[in-house]
Amino acid sequence: MSKAVRFRAEGGPEVLEVMDVEIGEPGPGEVRISIEAIGLNRAEAMFRGGYYFERAENFPAKLGYTSAGVVDAVGPDVEGFEKGDRVTTIAGFSQKEYGVYGEQAIVPASATLHRPEGLGPVDAVAMWGSLLTGYGAIIDEGKVRAGDAVLITAASSGTALAAIEVANHIGATTIATTRTPGKKERLLKAGAAHVIVTTEEDVVERTKAYTGGRGADLVFDAIAGEGVRELSEATAEGGAIVVYGALDAKETPFPLWFAPTMRMFNAFGITMNPERLRRANAFIRAGVRAGSFQSRVDRTFRLDDVVDAHRYLESNRQFGKIVLTVD
């Protein structure tokens, strides 16, 4: 038996339970991992709450995408992994079928990557998933180049901080937004070229000022909702708004009168495409070797304290990644 986090009904953090479960053996195309650390993602809170793009069907339900640990069993037809390999998992599967919140987890080998030598489990989960999203939206799909300006909203999340690093790595100019004045200096130290405090400054005016009147070539937006109207005014002619989150649950209009390209980014387009994932993984590894990408952990919780961890995740107080550690 192994400890695992499950929930018997959709709801708030309090529905999460730590229970003993039988993990079993990996099947064809799967590996079993002894988990050392788990990175928390908004998608998991949404899945738990019943407002993710897919919903749990069988209860008690699993959850969790990002983990780091050691392979302890390999299923049939799996190549490239063996017992003892240090690995990290990514969002390359459905939470209706798999989940990594626990001491052990079975996951598809296709959603498992070898961990770089010397990178610990907490650092791995703080970096890999967020960097994949940042790379996918900004480089793979956004085609951002050196000299372009990237406007990044809700910039204190782990994903947004990773996006700042990705954009900086290729020579783009990063403009971060935050509602909290106290986070401005921290964002500047994290690499943002400019920071807009949205409760005190006008996003359109400041973005235009920082870009010589042009506007942002790409907006990387975690909020959606009515705010896209303002973001569209801050976008350069021919630019794009890439929405990757929905912190504002209200309906998101399409701002036709300003006519930037606007699309939703889904990391599964990267993680479930072997060739795109290969390129993304190579990009991240190169950035790690060059020192461009850093682990930014806000706070760690023990697996048994998963309810408190999810409450903290939904408080929006964090600056960086929230991580569960497994003894």
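As shown above, the structure is provided for reference.
Read on for an overview of the structure. (Residues numbered from 1 in each chain as written. Predicted model: local features only at pLDDT ≥ 70, side-chain atom pairs only at ≥ 80, totals over all residues. Heavy atoms only, no water.)

1. Digging into the pairing of strand β4 (residues 66-74)
Line of reasoning, step 1. Of all 9 residues in β4, 7 are buried, a share of seventy percent or more.
Line of reasoning, step 2. Relative to β4, strand β3 (residues 30-39) is paired through 8 bridges, and the arrangement is antiparallel. Bridged to Arg-32 within β4 is Ala-73.
Line of reasoning, step 3. Relative to strand β5 (residues 86-89), β4 runs antiparallel, the two being bridged by 4 bridges. For Val-70, the partnering residue across the bridge sits in β5 and is Arg-86. (Buried < 20%, exposed > 50% of the residue type's maximum accessible area, 1.4 Å probe, protein only. Helix = DSSP H or I, 4+ residues; strand = E, 2+ residues; numbered from the N terminus. Pairing = 2+ DSSP bridges.)

2. Structural notes on the packing of helix α2 (residues 121-141) against helix α3 (residues 158-169)
Line of reasoning, step 1. The N-to-C vectors of α2 and α3 enclose an angle of 55°; their axes lie 8 Å apart at closest approach. With respect to α3, the axis of α2 lies oblique. Here α2 runs over α3; the crossing is right-handed. Residue-level contacts link Ser-130, Leu-131, Thr-133, Gly-134, Tyr-135, Ile-138 and Ile-139 of α2 to Gly-158, Thr-159, Ala-162, Ala-163, Glu-165 and Val-166 of α3.
Line of reasoning, step 2. Each residue belonging to the contact of α2 with α3 can be placed in one class, and the counts come to 7 nonpolar, 5 polar and 1 charged. (Axes fitted to C-alpha atoms, helices over the stretch in contact; angles between N-to-C directions. Parallel < 35°, antiparallel > 145°, perpendicular 65-115°, else oblique. Left-handed = near helix turned anticlockwise from the far one by under 90°. Contact = heavy atoms within 4.5 Å. Nonpolar A, V, L, I, M, F, W, Y, C, P; charged D, E, K, R; others polar.)

3. Looking at the pairing of β3
Within a regular beta strand, the side chains point alternately toward one face of the sheet and then the other, so they alternate between its two faces.
Line of reasoning, step 1. Across the 10 residues that make up β3, a large majority, 8, are buried.
Line of reasoning, step 2. Strand direction decides the pairing type here: β3 and strand β15 (residues 321-325), joined by 3 bridges, are antiparallel. Paired with Gly-39 across the strands is Val-323, a residue of β15.

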